Amino acid sequence: MTKQNVDRFAITLLLVLCVMWGMQQVAIKVALDSVSPLMQAGLRSLVAVLLLCGWMRWKGMRVFERDGAEWWGLLAGMLFSLEFMLLYWALEYTTASRSTVFLYTSPFVVALGVHLFVPGEKLGLTQVIGLCCAFSGIVIAFGEEGELPDGAWIGDMMAIGAAIFWGATTVVVKASPQRTLKAERVLLYQLGVSALLLPLGSVLSGESGITDPTPLVWASLAFQAVVVAFISYLAWYWLIHHYPASRIASFGFISPMFGVLFGYLLLDEALSLTFVLALLLVAAGIFLVNRPVARRAVQTSS
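Rules of the game
Residues numbered from 1 in each chain as written. Predicted model: local features only at pLDDT ≥ 70, side-chain atom pairs only at ≥ 80, totals over all residues. Heavy atoms only, no water. Helix = DSSP H or I, 4+ residues; strand = E, 2+ residues; numbered from the N terminus. Buried < 20%, exposed > 50% of the residue type's maximum accessible area, 1.4 Å probe, protein only. Contact = heavy atoms within 4.5 Å. Core = buried A, V, L, I, M, F, W, Y, C linked by side-chain atoms within 4.5 Å. Polar contact = N/O pair within 3.5 Å; in protein donor to acceptor, adjacent residues only side chain to side chain. Patch = residues over 30% accessible without salt bridge, like charges linked within 9 Å, V, L, I, M, F, W, Y side chains within 5 Å. Areas by Shrake-Rupley, 256 points an atom, 1.4 Å probe, with all protein chains shown as cover. Salt bridge = Lys/Arg side-chain N within 4 Å of Asp/Glu carboxyl O. Expected span 1.5 Å × (residues − 1). Bend = angle between axes of the 7 residues up to and from the residue.

Participant: Give me the overall build of the protein chain: which residues, what numbers.
Facilitator: Helix and strand counts for the protein chain come out as 12 helices and 0 strands. Along the chain direction, N to C, the helices and strands of the protein chain fall in the order α-α-α-α-α-α-α-α-α-α-α-α. Counting across all 302 residues of the protein chain, residues that qualify as buried make up 49%. When contacts within the protein chain are restricted to residue pairs at least 6 apart in sequence, those whose partners lie at least 24 apart make up 89%.

Okay, here's the thing in structure tokens:
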């Protein structure tokens, strides 16, 4: 049963999720010196999919069954794999703060995608203003001058690519038969496909794999797999199922703020006023794009 209002419990849970997602890029960055990008992303998905299968069995759900959305699930899984391939690669070039801001341009890809492919979901004036805000923020972030890693623009572009694939995954789910599946099965496709493709890509590309990991690195991997990929994604789907999706989604603007804050506090990344302005524009854009579209009541005369 879907509740009409977002209560205190939902708000608290959403804030916790935003903290988790804001911390994700920092955790990836910490582990990169000991675990190569694709191997790290693959291990994340592998552990999470095993936990998800155990969860589904505990709930009495069948893990393997025909559901009529197999090909769409495989497509979503491949897009999901490409998203995290680019995100993990991006963090070898750019900062956690910058990657977070560019990654969270994904809602604008979703807004444009559903406008084109999902009947009844059209962009309103508020959403268009939100897209303009976010685009302005991206332009400002790209034009920022300061102490940036060599080749940061390469990582920035990869993070934007990851956002595009993230948004495309969401659009595929919303516009295909996957929209009728339970959340666990939708997530199973994404984690399962990426658990196969990402480690294979690591081996084929000749990555170094796992080299001399420290306890901190193992903790980072556990956080990414157990807390983010398994617990937080399931909690998110639960929220979407029990509360108005449009109101829940509007909280997404908080995640990049936490990501930038953690990058500044934990990784000592530079934080200029120009970049803060870019962050605020992107956050405002996310909020506006996800606001419910006001609908006028239609009066009929007899």
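Participant: Any details on the nonpolar core? Residues and values, ideally.
Facilitator: Ranked by internal contacts, the top residues of the largest apolar core, which has 67 residues, are Leu-52, Leu-191, Tyr-233 and Leu-239. Here the element with the most residues in this core is helix 1 (residues 8–31); it accounts for 9 residues. Once residues within four sequence positions are removed from consideration, Tyr-233 is found in contact with Trp-21, Gln-24, Arg-44, Phe-80, Phe-84, Leu-187 and Val-228. Core analysis: the next-biggest nonpolar cluster, separate from the first, contains 8 residues, Ala-69, Val-173, Val-186 and Tyr-189 among them.

Participant: Hey, could you go over the side chain of Ser-232 for me, with residue numbers and the actual values?
Facilitator: Position of Ser-232 among the secondary structure elements: in helix 9 (residues 215–242). Only 2.4 Å separates the side chain of Ser-232 from the backbone oxygen of Val-228, close enough to count as a polar contact. Filtering out sequence-adjacent residues up to four positions away, Ser-232 remains in contact with Leu-17, Met-20, Trp-21 and Val-227.

Participant: Let's hear about a nonpolar patch on the surface: which residues, and what values?
Facilitator: Together, Trp-71, Trp-72, Leu-74, Leu-75, Met-78, Leu-196 and Leu-197 make up an exposed nonpolar region whose accessible area comes to about 750 Å². Every element with two or more residues in the nonpolar patch is listed here: helix 3 (70–90) and helix 8 (183–204). Sorting elements by how many residues they give to the nonpolar patch places helix 3 first, with 5 residues. Along the chain, Leu-197 turns up in helix 8.

Participant: Give a detailed account of unusual backbone geometry, specifying residues and quantitative values.
Facilitator: One non-glycine residue with positive phi stands out, namely Asp-212, at about 50°. Mapped onto the elements of the fold, Asp-212 is located in the loop between helix 8 and helix 9. The residue Asp-268 is not glycine, and still its phi comes out positive at about 60°. Take Asp-268: it is sitting in the loop between helix 11 (254–266) and helix 12 (273–289).

Participant: Break down the pattern of salt bridges for me, with residues and values.
Facilitator: One pass over the full model with this rule turns up 3 salt bridges. Note that Glu-184 is salt-bridged to Lys-59, the shortest N-O span being 3.0 Å. Within this pair, whereas Glu-184 is found in helix 8, its partner Lys-59 is found in the loop between helix 2 (37–58) and helix 3, the two being separated by 125 residues in sequence. Residue classification places Lys-59 among the partly exposed residues on the basis of a relative accessible area of 43%. The partner of Arg-98 in a salt bridge is Asp-156, with the nearest N and O atoms 2.7 Å apart.

Participant: With reference to specific residues and values, describe helix 1.
Facilitator: Helix length check: helix 1, at 24 residues, gives a terminal C-alpha distance of 35 Å against a target of 34 Å (1.5 Å per residue), a fit within 8%. The largest bend along helix 1 reaches roughly 30° and is located at Gln-24. At the N-terminal end of helix 1, a side-chain oxygen is found 3.3 Å from the backbone nitrogen of Phe-9, two or three residues along, and the residue is Asp-7.

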